[in-house]
Amino acid sequence: MSEVIDEAGLLAAELLARRWLPRKHPRVRRALIDADLWQSVQERLAQVGLRLVDNIHADHICVALLRGAETAVFGEAGLDANNNVELPRDAVSLLILLWSLIVLPKRERQSARAASAEGDAQEEMFNREKPLPSAAAVSPVVSYKALLADFGTQLGKKTRMDGNLKRLEGHGFILRRGDDIAEGPLLDLLLDYDSLAPRILDGALGDVLARVRQQESDTAALTENRADGEDA
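These lines cover the structure that appears in this document, whether it is placed above or below. Just so you know, these numbers come straight off a predicted model, no measurement behind them.

As summarised here, the arrangement of the three strands in space is β1-β3-β2, forming an open sheet in which the pairing is antiparallel. Unpaired on one side and paired on the other, β1 (20-22) and β2 (50-53) mark the two borders of the sheet. With direction set aside, neighbouring strand axes in the sheet form an average angle of 25°. Pairing of β1 with strand β3 (residues 60-65), which is carried by three bridges, proceeds in the antiparallel orientation. The residue of β3 that forms the bridge with Trp20 is Cys62. Packed onto the sheet, helix α1 (residues 7-18) meets β1, β2 and β3 and runs at close to 115° relative to β1. Running over the sheet, helix α3 (residues 35-46) touches β2 and β3 and is turned about 145° from β2.

Enumeration over the complete set of coordinates arrives at one aromatic pair. When the ring of Trp99 is compared with that of Tyr193, the centres are 5.8 Å apart and the planes differ by 55°; the resulting orientation is tilted. Of this pair, Trp99 sits in helix α5 (residues 89-122) while Tyr193 sits in helix α9 (residues 193-202); the two residues are 94 residues apart in sequence, bridging distant segments of the chain. Judged by relative accessible area, which is 23%, Tyr193 ranks as partly exposed. Over the face of the ring belonging to Tyr193 we find Arg107, whose NZ or CZ atom lies 4.0 Å from the ring centre.

Our next topic: the environment of His57. As for its placement among the helices and strands, His57 is situated in the loop between β2 and β3. When its relative accessible area of 15% is taken as the criterion, His57 is described as buried. A sequence separation of 131 residues divides His57 from Asp188, and the C-alpha atoms of the two residues are 7.5 Å apart. The contact partners of His57, leaving out residues within four places of it in the chain, are Lys106, Arg107, Gln110, Leu132, Ala135 and Asp188. Here the side chain of His57 touches Gln110 through a polar contact of 3.0 Å, side chain to side chain.

Calculation criteria
- Residues numbered from 1 in each chain as written.
- Predicted model: local features only at pLDDT ≥ 70, side-chain atom pairs only at ≥ 80, totals over all residues.
- Heavy atoms only, no water.
- Pairing = 2+ DSSP bridges.
- Helix = DSSP H or I, 4+ residues; strand = E, 2+ residues; numbered from the N terminus.
- Axes fitted to C-alpha atoms, helices over the stretch in contact; angles between N-to-C directions.
- Contact = heavy atoms within 4.5 Å.
- Phe/Tyr/Trp six-rings, centres within 6.5 Å; stacked < 30°, edge-to-face > 60°.
- Buried < 20%, exposed > 50% of the residue type's maximum accessible area, 1.4 Å probe, protein only.
- Lys NZ or Arg CZ within 6 Å of the ring centre and 35° of its normal.
- Polar contact = N/O pair within 3.5 Å; in protein donor to acceptor, adjacent residues only side chain to side chain.

That is the geometry; function is a separate question.
Structure, rendered in structure tokens:
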């Protein structure tokens, strides 16, 4: 006997089956503009201890456990662990490092472009809302070779780092494109930006990020100078 499933049930089912969905997915787009549908999906998921996870800086949505369900699912030992997806500690360190190198600059670029678009809109005769730039459009990539050269020793050297990168890719945190490591669907969804960003920017990783950004700036300036020389 077949049962008819409504839109909220279908979206909840698809999220459970696929783990994450792009914001451009037809059902997701409807839910994002239909407050009643969004609330209905939240209520369906809450019945099994889950919640929708979404933020405007990410290109996907996903599901996660409600706080009240975590103890029952993982137990006290699971909640006291450094993560609940059974990543080893060096994989968690790698995850935080990649989050810092990808998500923090991405958020800065999104904010800068949104501010620029807002300024342009003020000069237009008919002002219209400018969408926040997508993650895909502004998310930086990390070079595997540079990552290995800069942090390989601290992260267990090549064999160990390769294994942990594979773990992170399997969990949806990153994407591998040849030598490039890019943002995965869950990198900016399941890590708490408001909690992590201040700790990283004010901590030891803040110096690392500043050094990486200076290297990127120097490389860009060198490339521009070479191009100017060739034009001359």
